[in-house]
Amino acid sequence: MMGRSFRRPVGRARLFAFVACSLVLACRPPDIDPTIDGDRPTRRLVDPAGEFSTPFGAVRAVMALPDDRLVVSDPQENRIALIDYSKGTSTSLSRQGGGPREFRRPGGLYRGPRGGVLVFDQGLMRLLPIAAGGAVANSIGLPTGGIPGDWSTCGPDPLAFDSVGQTYEQQAYGRPFSSAAVVLRYRPGVKPDTVARLVAKQTKSIRVNRNGTGTYQDVLFSPEDGWLVAPDGWIALARAEPYHVEWVRPDGPSVVGPVIHHEPIPIPKAEKELIACGEGGPRGRSSVTLVLIGPGGPPPSQPANPTPIPVDELLFAKAKTPVNLRAGRWPLLDERGRIWVERSTRMGTTSSVFDVFDRTGALVDRVEIPAGLRLVGFDADWAYVARKDADDLEYLHRLALPQ
């Protein structure tokens, strides 16, 4: 008599696990080249050197001289400092005033000729040169003109500069509140020329009067290109859509990097509500009014707690742009000529993530900076970050760069 064959029944839990695993394997994307994988694991920078003992009001930027001393711009305390991080020493450079070697309000730092540093004076709309040895030279006028002002202590500046005497400015292009912009280059004795075209943040009108006054609202997290200028006049463009980096050469064709693969980051309702109440970053709401300003100029603005706005009155993109330019963020250039682009992250992420691109536009590194630290500059071996304490004073740390 032939034996009977029995098939053992499969339990529901095992069957469900098998089906789920099969679906995951079927949906898994193919392996992605690391040079275009915008979601690959990050490398976390560490601080082996400790904190610089002297506090600052607000560190706008840090830039190294050839002897490894650092120039620090502090617009909140109206101070330009020269520090030796290893020795823990700090001295002030120049002083406030209108003289040829004085400044009104320091802004960003830019690489000058022969390893020096150029300090953008926001108050006088000119450059204050710091020579490679740390000496202050006579200020340099700008070809653009413009109105002096107190811009954000954390940047960016309205102008940018290279080390060969050229000035750059982003200007809106086309109709009012268009999302198109251009980068203009100013050279002594030459008519300004357009060197790059950008996608600017989207802004829509809510209420407009006949005289142009009214209320306007940014589309929060909408695609926006970031840019910076290298000392040799190359312009780096961090394109948000599709996400990639493009280098505009002073002469010759641009160098366009590959498109970087990344998963869209949603904007949850809780994050929208946090922004609407004023605690989740800029809300993009602006009101344009006409006022008469007396001989003494406008009165100083007084800080105040933001008034909540109903969340349905704000405008949001469908997903976050990969290039994070909110709250004074902008791309930075390290001493190796690489552009650091800060990425947008999911709600609840406390650390900062940067994509690092070389001169070909290739993604060469992904770096994570611990929570509570803000990237402010570089030298050849270190990334410098600022930490704010409970008294709103800022302290410098330096994080070892990956080799």
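Residues numbered from 1 in each chain as written. Predicted model: local features only at pLDDT ≥ 70, side-chain atom pairs only at ≥ 80, totals over all residues. Heavy atoms only, no water.

A.B. asks: Would you mind showing me how to read the overall build of the protein here?
C.D. replies: Of regular secondary structure, the protein possesses two helices and 28 strands. Within the protein, the proportion of its 403 residues that are buried is 45%. Of the roughly 21,800 Å² of accessible surface on the protein, 55% is carried by carbon and sulfur atoms. (Helix = DSSP H or I, 4+ residues; strand = E, 2+ residues; numbered from the N terminus. Buried < 20%, exposed > 50% of the residue type's maximum accessible area, 1.4 Å probe, protein only. Areas by Shrake-Rupley, 256 points an atom, 1.4 Å probe, with all protein chains shown as cover.)

A.B. asks: What am I meant to see in the sheet that holds strand S11 (residues 167-172) here?
C.D. replies: Backbone hydrogen bonds hold the strands of a sheet together, and the pairing may be parallel or antiparallel. Reading across the sheet, the four strands line up as S10-S11-S12-S13 and stay open at both edges, with antiparallel pairing between neighbours. Looking at strand neighbours, the two that pair on one side only are strand S10 (159-161) and strand S13 (190-199), the edges of this open sheet. When strand polarity is set aside, the average angle formed by the axes of neighbouring strands in this sheet is 30°. For strand S12 (residues 180-187) and S13, the ladder comprises seven bridges, and the chain directions are antiparallel. Bridge pairing in S13 links Ala180 to Val199. (Pairing = 2+ DSSP bridges. Axes fitted to C-alpha atoms, helices over the stretch in contact; angles between N-to-C directions.)

A.B. asks: Looking at this model, I keep getting lost on the packing of aromatic side chains. Mind explaining?
C.D. replies: Centre-to-centre distance and the angle between the planes together describe a pair of aromatic rings. Scanning all chains against the criterion turns up eight aromatic pairs. Centre to centre, the rings of Trp234 and Trp247 are 6.2 Å apart; their planes meet at 65°, and the pair counts as edge-to-face. With Trp234 in the loop between strand S16 (226-229) and strand S17 (235-240) and Trp247 in strand S18 (residues 243-248), this residue pair connects regions lying 13 residues apart in the sequence. Every member of this aromatic cluster is reached through a ring pair, and the members are Phe52, Tyr85 and Tyr384. The side chain of Arg197 reaches across the aromatic face of Tyr173, ending 5.1 Å from its centre. Its end group placed over the ring of Trp234, Arg359 keeps NZ or CZ at 4.5 Å from the ring centre. (Phe/Tyr/Trp six-rings, centres within 6.5 Å; stacked < 30°, edge-to-face > 60°. Lys NZ or Arg CZ within 6 Å of the ring centre and 35° of its normal.)

A.B. asks: Can you help me understand the pattern of salt bridges in this one?
C.D. replies: A side chain with one charge may pair with a side chain of the opposite charge, provided their charged atoms come close. Applying the stated criterion across every chain, the model contains 20 salt bridges. Taking the shortest distance from any N to any O, the salt bridge between Asp157 and Arg60 comes out at 3.2 Å. Taken together, the residues span a long stretch of sequence, with Asp157 in the loop between strand S9 (140-141) and S10 and Arg60 in the loop between strand S1 (43-44) and strand S2 (61-64) at a distance of 97 residues. Overall, the relative accessible area of 4% leaves Arg60 in the buried class. A salt bridge links Arg187 to Asp193, with the nearest nitrogen and oxygen atoms 3.5 Å apart. Its relative accessible area of 29% is what places Arg187 among the partly exposed residues. Overlapping salt bridges bring together Asp39, Arg343, Asp355 and Arg366 as one network. (Salt bridge = Lys/Arg side-chain N within 4 Å of Asp/Glu carboxyl O.)

Keep in mind that these numbers describe shape and distance, not what the molecule does.
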